[in-house]
Amino acid sequence: MAAVENNKTTNPNIKSNNMATANNIWYNVKTRYIGTTEDGFTKVITEEYLTAALSFTEAETRTSETALAYGNREEFDIIAMSRTKFSEIVYGDEEADKWFKCKINAITLDERSGREKKTPIFFCVNADTALEAHHRLDEYLKKTMMFYTVEQVDETKIIEVIK
């Protein structure tokens, strides 16, 4: 998706009700279990969760509780866990099935050199399409005073965000 430059002029301190805020760190947690497909075949299924937690241990516990609540999953393994670079989670008015990793570059002016400085910021956006994710991110960022460009919008394999 092409980069789009935006000029926003509102208060950056406004808290939105569609943003997950906490002093948490976001963890990407992958689980694997043996499940049954719609055709009745047994298959190894891998799922990915984005979990807000203060530690790896808390992320593992919270993800396990959520994964077990999904039904006939008495046994599953957590196969990978890593910290993510998401600074914020952006939800829309209606919940969508997909999550997108969006990268923006916040543009500031370096006072010493007088040059533009680009700082990458990552968002996780809930939307049905990449274009919708881009629009939701733009709508969300209208509440800030920063100049930015949307550099990248990629679909993820995340099935649920655990706050």
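What counts, and at which threshold
Residues numbered from 1 in each chain as written. Predicted model: local features only at pLDDT ≥ 70, side-chain atom pairs only at ≥ 80, totals over all residues. Heavy atoms only, no water. Core = buried A, V, L, I, M, F, W, Y, C linked by side-chain atoms within 4.5 Å. Buried < 20%, exposed > 50% of the residue type's maximum accessible area, 1.4 Å probe, protein only. Helix = DSSP H or I, 4+ residues; strand = E, 2+ residues; numbered from the N terminus. Contact = heavy atoms within 4.5 Å. Patch = residues over 30% accessible without salt bridge, like charges linked within 9 Å, V, L, I, M, F, W, Y side chains within 5 Å. Areas by Shrake-Rupley, 256 points an atom, 1.4 Å probe, with all protein chains shown as cover. Salt bridge = Lys/Arg side-chain N within 4 Å of Asp/Glu carboxyl O. Lys, Arg positive; Asp, Glu negative; His and termini not counted. Charge placed at Lys NZ, Arg CZ, Asp CG, Glu CD. Polar contact = N/O pair within 3.5 Å; in protein donor to acceptor, adjacent residues only side chain to side chain. Pairing = 2+ DSSP bridges. Axes fitted to C-alpha atoms, helices over the stretch in contact; angles between N-to-C directions. Phe/Tyr/Trp six-rings, centres within 6.5 Å; stacked < 30°, edge-to-face > 60°.

### Things to note about the nonpolar core
Piece 1. Membership of the largest hydrophobic core comes to 14 residues, with the highest contact counts inside it found for Cys 102, Ile 104, Phe 123, Val 125, Ala 133, Leu 137 and Leu 141.
Piece 2. Of all the secondary-structure elements, those providing two or more residues to this core are strand E6 (98–109), strand E7 (116–127), helix H2 (130–141) and strand E8 (147–155).
Piece 3. The contact partners of Cys 102, leaving out residues within four places of it in the chain, are Ile 121, Phe 122, Phe 123, Val 125, Ala 133, Leu 137, Gln 152 and Val 153.

### Considerations on a negative patch on the surface
Piece 1. Together, Asp 93, Glu 94, Glu 95, Asp 97 and Asp 128 line one region of the surface with negative charge.
Piece 2. With respect to the helices, strands and loops of the structure, Glu 94 is situated in the loop between strand E5 (86–90) and E6.

### Some details on the side chain of Glu 48
Piece 1. By secondary structure assignment, the location of Glu 48 is in strand E3 (residues 42–53).
Piece 2. Of the polar contacts made by the side chain of Glu 48, one reaches the side chain of Asn 28; its length is 3.0 Å.
Piece 3. In contact with Glu 48, other than residues within four places in its own chain, are Asn 28, Val 29, Lys 30, Lys 157, Ile 158, Ile 159 and Glu 160.

### What to know about the side chain of Thr 66
Piece 1. Relative to the elements of secondary structure, Thr 66 occurs in helix H1 (residues 56–68).
Piece 2. One polar contact links the side chain of Thr 66 to the main-chain carbonyl oxygen of Arg 62, over a distance of 3.1 Å.
Piece 3. Setting aside residues up to four positions removed in sequence, Thr 66 forms contacts with Tyr 49, Glu 160 and Ile 162.

### Considerations on the sheet that holds strand E9 (residues 158–162)
What holds strands together in a sheet is hydrogen bonding between their backbones, with the strands either parallel or antiparallel.
Piece 1. One open sheet holds the four strands; their spatial order is E4-E2-E3-E9, and the pairing between them is mixed. Looking along the sheet, the strands with just one partner apiece sit at the ends: strand E4 (77–83) and E9. Direction aside, the axes of adjacent strands within the sheet are offset by 25 degrees on average.
Piece 2. Of the pairings in the sheet, the one linking strand E2 (residues 25–36) to E3 comprises 12 bridges and is antiparallel in character. Each residue of the ladder has a partner; that of Tyr 27, found in E3, is Thr 51.
Piece 3. Lying over the sheet, H1 contacts E2, E3, E4 and E9, oriented at roughly 130 degrees with respect to E3.

### With respect to the packing of aromatic side chains
Piece 1. One pass over the structure, following the stated rule, counts three aromatic pairs.
Piece 2. Pairing Tyr 91 with Trp 99 gives two aromatic rings, centres 5.5 Å apart and planes at 85 degrees, and the pair type is edge-to-face.
Piece 3. Judged by relative accessible area, which is 13%, Tyr 91 ranks as buried.
Piece 4. The class for Trp 99 is buried, based on a relative accessible area of 3%.
Piece 5. Plain terms: the ring middles of Phe 123 and Tyr 140 are 6.2 Å apart, the flat faces sit at 70 degrees to each other, and that makes the pair edge-to-face. Of this pair, Phe 123 sits in strand E7 while Tyr 140 sits in helix H2, and the two are 17 residues apart along the sequence. Pair check on accessibility: Phe 123 and Tyr 140 agree, each one buried.

So, to be careful, I would describe these as geometric facts and stop short of saying anything about function.
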